[in-house]
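# Notes for the structure review
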Amino acid sequence: MDALQIMNSLDLMIENPKCELEHKTPFELLVAVILSAQCTDKRVNLVTKELFKNFNKPEDFANMPQGLLEEKIHSCGFYHNKAKSIISASKDIVNRFDGKVPNDFDQLLTLAGVGRKTANVVMAVAFGGDNFAVDTHVLRVSNRLGIVKTDDPNKCEQKLCMFFPKNKWSKLHYQMVLFGRYICKAIKPDCEKCLFNKECPHSRV
Ligand code: SF4
């Protein structure tokens, strides 16, 4: 399948893609994306709804005892590392970026606990950049559709950026996330509902 065919079919299946992590500021988004690793957006939204009532600025987290944050984010899993990353990133933002999340991919990558996926999501969603974040759904869907043959998210990102037009990257990221989450699921994909089911080598129809 070529890029146009994939984009047209995704437009029909996933009409209004958007970030499902609730947030009001780039910083809240950053925290939510860190929490979302190995966790559902639904769970993250439940946790951040409470958390952001009292803590929603880098200054709030920079001086927070790690144990307190761990308690608040416990149900997201990997709470020890996530708390550590949120506190370190907050300190970096306060000390090096004047309390503001940097609107720059390379600078975002210098924050503790921020990898390419997180930086790409923040750039695309908070700052309207052309970025292609690769998470587990995007990686799986890209392989099943035959766009890539790799389990390396960085190689997948490179290929996707060459395969699709730049001005579609950020929209396609969310279309592929939602397509992977609700149709092309890891276990038992809903191939009956999928417009790729004639061409896809993994089709169960
Ligand atoms: S046919 Fe099935 S496996 Fe293939 S892309 Fe569609 S949902 Fe995924």
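Thresholds, definitions, all that
- Sequence positions are assigned chain by chain, starting from 1 and proceeding in written order.
- Only residues with pLDDT of at least 70 get local features here, since the model is predicted, and only at 80 or more are side-chain atom pairs given and counted; chain-wide, interface and lining totals rely on the full set of residues.
- Strands here mean DSSP runs of E at least two residues long; helices mean DSSP runs of H or I at least four residues long; both are numbered from the N terminus.
- Only the C-alpha atoms count toward the radius of gyration. The rule for a globule is 2.2 Å times the residue count to the power 0.38.
- Here exposure depends only on C-beta density: within 10 Å of a residue's C-beta, 20 or more other C-beta atoms make it buried, 12 or fewer make it exposed, and intermediate numbers make it partly exposed, the C-beta atoms being placed from the backbone.
- Any two residues are considered in contact once their C-beta atoms, placed from the backbone, lie within 7 Å.
- Segment limits for the domains were obtained from an automatic or database-derived domain assignment.
- Think of it as three bins: nonpolar holds Ala, Val, Leu, Ile, Met, Phe, Trp, Tyr, Cys and Pro, charged holds Asp, Glu, Lys and Arg, and polar takes everything else, Gly as well.
- Any residue whose C-beta atom, as set from the backbone, lies within 6 Å of a molecule or strand is reported as near that molecule or strand.
- What we call a nonpolar core is a set of buried Ala, Val, Leu, Ile, Met, Phe, Trp, Tyr and Cys residues whose membership is set by joining through C-beta atoms within 7 Å.
- Axes here mean lines fitted to C-alpha atoms, for a helix over just the part in contact, with angles spanning 0 to 180 degrees between N-to-C directions.
- Angle categories: roughly parallel below 35 degrees, roughly antiparallel above 145, roughly perpendicular from 65 to 115, and oblique for all the rest.
- Note on convention: the crossing is left-handed when the near helix lies turned anticlockwise from the far helix by less than a right angle, right-handed when the turn is clockwise.

### Overview of the overall build of the chain
Of the regular secondary structure elements, the chain holds eleven helices and zero strands. Written out in order from the N terminus, the α and β elements of the chain read α-α-α-α-α-α-α-α-α-α-α. Computed over the C-alpha atoms, the radius of gyration of the chain is 18 Å, within 12% of the 17 Å expected from 2.2 N^0.38 for a compact globule of 205 residues. C-alpha atoms of the chain, sized along the principal axes, occupy 55 × 30 × 30 Å. Taking all 205 residues of the chain together, the buried fraction comes to 36%. Restricting to contacts in the chain with at least 6 residues of sequence separation, those with at least 24 account for 57%.

### Regarding the domain arrangement of the chain
The domain boundaries assigned to the chain delineate domain 1 (3–17 + 132–193) and domain 2 (26–127). Spacing between the C-alpha centres of domain 1 and domain 2 amounts to 25 Å. On the side of domain 2, five residues touch domain 1, which itself brings nine residues to the contact. Contributing elements (two or more residues each) for the side of domain 1 that touches domain 2: α10 (153–163) and α11 (169–182). Grouping the amino acids of the side of domain 1 that touches domain 2 by side-chain chemistry returns four nonpolar, three polar and two charged.

### A word on the site of the ligand
Around the ligand, the surrounding shell holds 13 residues, and the nearest of these are C184, P189, C191, C194 and C200. Here the shell around the ligand is composed, by residue class, of eight nonpolar, three polar and two charged.

### Brief notes about the nonpolar core
In terms of nonpolar packing, the biggest core is built from 53 residues, with L30, I86 and V122 touching the most fellow members. Considering every element that reaches this core, the biggest residue donor is helix α2 (residues 26–35), with eight residues. Both of domain 1 (3–17 + 132–193) and domain 2 (26–127) provide at least three residues apiece to this core. Every residue in contact with V122, bar those within four places of it in the chain, is listed here: P26, L29, L30, V33, V101 and L108.

### Brief notes about unusual backbone geometry
At Q38, a residue that is not glycine, the phi angle is positive and equals roughly 55°. Its place among the elements puts Q38 in the loop between α2 and α3 (41–54). Assessed through the 10 C-beta atoms surrounding it within 10 Å, Q38 is described here as exposed. The backbone of K188 shows a phi angle near 50°, a positive value even though the residue is not glycine.

### Some points on the environment of I86
Looking at where I86 falls in the secondary structure, it is placed in helix α6 (residues 79–96). Its 25 C-beta neighbours within 10 Å are what place I86 among the buried residues. Taking the C-alpha atoms as reference points, I86 and A119, separated by 33 residues in sequence, lie 14 Å from one another.

### Structural notes on the packing of α2 against α6
Direction vectors running N to C along α2 and α6 enclose 155°, while the axes themselves pass 10 Å from each other. Here α2 lies roughly antiparallel to α6, going by the angle between them. Considering only the axes of α2 and α6, their crossing is right-handed. Contacts from L30, V31, I34 and L35 of α2 reach α6 at K82, S85, I86 and A89.

### Thoughts on α2
Counting buried positions over the ten residues of α2 gives eight, a clear majority of the element. Those residues of α2 that sit buried are F27, L29, L30, V31, A32, V33, I34 and L35. Buried residues along α2 sit in contact with α3, α4 (58–62), α5 (66–73), α6 and α8 (116–127).

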